[in-house]
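Here's the letter readout for the chains.
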Amino acid sequence: LDALPESKQQEVQRALHLFSLGQGPPRSLSEARRHTYRFWDTQPVPKIGEEIREHGPVLEQERCVVREEPFSLPEAFSWATLDLQDPTQLEELCVLLNENYVEEDDNTMRFVYTPHFLLWALCPPGWQSKWYCGVRVSSNQKLVGFISAIPSTVQAYDTKLRMAEVNFLCVHRKLRSKRVAPVLCREMSRRVMQQRVFQGLYSTSAVLPTPTATCRYWHRSLNPRKLIEVNFSSLGRNMTVQRALKLNRLPQAPKTPGLRPMREADGPGVQALLEEYLKRFQLRPSFDQQEALHWLLPREDVIDTYVVESPEGVLSDLLSFYTLTSEVLNHPVHRSLKAAFCFYYAHTATPLAQLMEDALVLAKAKGCDVFSALDVMENRSVLEQLKFSAADTHLHYYLYNWRCPTLGADKVGLVLK
């Protein structure tokens, strides 16, 4: 591959990757109905096609048997609890995720997770060290698998639940035939239940038994020329690069008076504003003041939050977005692509369309190439107006050991990273 001209490397790499994908997990409900779920059929989750009308646990707490001993791994591997406060172990996790976690289906980009981002995503108030579950090669201690959970309080319809939000399930690509992922899931379930937490929350683009909600990604171009050059987006019929630049032009500065970056002193006001706004949704987080500060207080190249303050000192609105950089693979010019992801917002005095346009302006000023959003909360009402385009990618939300009627994306007030 290295001997080819750089202009051809992406094309060949994409073809090789698509050829190697083979039979992947189901991506639609029709595929899921024909699929045999060897692991999920053993778990306390609703079955595919099951009509759900009631609310409550799939398996009652008294019937949840908590195993004392860890689950068995394939020979030559051993369990490891990662210490994310140790820079060396945190860097090991970055390497594992960056080389094995998320790639685009055409193998032209992959996310780059930094230590700062992972500390934000994985160490909120109340984090549990035992919930950073790794797998190492016994002989050389190389980290080859990982799964995490963080404590979360979630309101599902009228019920407030203590949950474990599970994320970053990752197995080294060379070990994916050894069925390590199901063992990681079982072990995480065991560790969580040891802390008397019996419900969980997770998301994936694959269709598993059974989505509580299905959301769609939308993208708004901030740097159209670059996105076209790296094949993130393409020119439509009768569209030129110059027309795309003009179509996606944004104001030079935000329009909302009183808009400023969030400060630590804003914590109580931000928490109260967000809590009140999120009450309109049927699936939502419940943040205390410390959690609101953790998730929303600005961190360079991780999370940006802005509030709207009136002349009287009252906070009326907020917007936030987190950022992730992707490595662009085998491109002759571009090496990275920076994306902003819509996070939480609340609005009482500013129209949502104006608030979201301000977010686009701020993200572009910070060097972001694209702004992405799920069609959760009220997003769908403004996405087309702000020139977002619907992506092919869907994100399914799942509740573990809890059943409730399926929700539309506009009833979801929870943003999963």
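This write-up is about the structure you can find in this document. All values reported here derive from a predicted model rather than from experimental measurement.

## Quick look at the nonpolar core
Consideration 1: If you look at the biggest cluster of nonpolar residues, it comprises 104 residues, and the most contacted ones within it are F117, L118, Y344, F371 and Y397.
Consideration 2: With 9 residues, the single largest contributor to this core is helix α10 (residues 352-365).
Consideration 3: F77, V137, V144 and A164 belong to the second-largest nonpolar core, a separate cluster that totals 33 residues.

## Describing the packing of helix α3 (residues 87-100) against helix α4 (residues 115-122)
Consideration 1: Packing of α3 against α4 leaves a shortest axis separation of 10 Å and a crossing angle of 95 degrees. By the criterion of interaxial angle, the relationship of α3 to α4 is roughly perpendicular. From α3, L90, E91, L93, C94 and L97 reach across to α4, where they touch P115, L118, L119 and L122.
Consideration 2: Here the residues of the contact of α3 with α4 are counted per class, giving 8 nonpolar, no polar and 1 charged.

## With respect to the pairing of strand β7 (residues 213-221)
Consideration 1: As judged from the 6 bridges shared by β7 and strand β15 (residues 389-400), these two strands associate in the antiparallel manner. If you follow R216 over to β15, its bridge partner there is H394.
Consideration 2: Note that β7 and strand β14 (residues 370-374) share 5 bridges and pair antiparallel. The partner of R220 across the bridge, within β14, is F371.

## Points about the layout of surface pockets
Consideration 1: Put simply, the second largest pocket is a space of about 270 Å³.
Consideration 2: Considering the residues around the second largest pocket, the lining is formed by 15 residues, among which Q43, V65, F71, S189 and Y400 are closest to the centre.
Consideration 3: Residues belonging to the lining of the second largest pocket are distributed by class as follows: 8 nonpolar, 3 polar and 4 charged.

## Focus on the packing of aromatic side chains
Aromatic ring pairs are described here by two measures, namely the spacing of the ring centres and the angle between the planes.
Consideration 1: According to the stated counting rule, one finds 23 aromatic pairs in the structure shown.
Consideration 2: On the basis of an interplanar angle of 20 degrees and a centroid distance of 5.5 Å, the ring pair of W40 and Y202 is categorised as stacked. One end of the pair, W40, is in the loop between α2 (29-34) and β1 (77-81); the other, Y202, is in strand β6 (residues 199-204), with 162 residues separating them in the sequence.
Consideration 3: For W40, a relative accessible area of 14% corresponds to the buried category.
Consideration 4: Aromatic side chains F287 and Y344 sit 5.6 Å apart centroid to centroid with 85 degrees between the ring planes, which places their arrangement in the edge-to-face category.

## Looking at α3
Consideration 1: Look at α3: 20 Å from first C-alpha to last across 14 residues, which is about the 20 Å you get at 1.5 Å a residue.
Consideration 2: Buried residues belonging to α3 abut β1, β2 (109-112), α4, β3 (132-137), β4 (143-156) and β5 (159-171).
Consideration 3: Capping the start of α3, D86 holds a side-chain oxygen 3.0 Å from the backbone nitrogen of T88, two or three residues further along.

Thresholds applied
Residues numbered from 1 in each chain as written. Predicted model: local features only at pLDDT ≥ 70, side-chain atom pairs only at ≥ 80, totals over all residues. Heavy atoms only, no water. Core = buried A, V, L, I, M, F, W, Y, C linked by side-chain atoms within 4.5 Å. Buried < 20%, exposed > 50% of the residue type's maximum accessible area, 1.4 Å probe, protein only. Helix = DSSP H or I, 4+ residues; strand = E, 2+ residues; numbered from the N terminus. Axes fitted to C-alpha atoms, helices over the stretch in contact; angles between N-to-C directions. Parallel < 35°, antiparallel > 145°, perpendicular 65-115°, else oblique. Contact = heavy atoms within 4.5 Å. Nonpolar A, V, L, I, M, F, W, Y, C, P; charged D, E, K, R; others polar. Pairing = 2+ DSSP bridges. 1 Å grid on protein atoms, 1.4 Å probe; cavity = no way out; pocket = protein on both sides within 12 Å on 5 of 7 lines; lining within 4 Å. Points joined across faces, edges and corners; volume = space filled by probe spheres on them. Phe/Tyr/Trp six-rings, centres within 6.5 Å; stacked < 30°, edge-to-face > 60°. Expected span 1.5 Å × (residues − 1). Polar contact = N/O pair within 3.5 Å; in protein donor to acceptor, adjacent residues only side chain to side chain.

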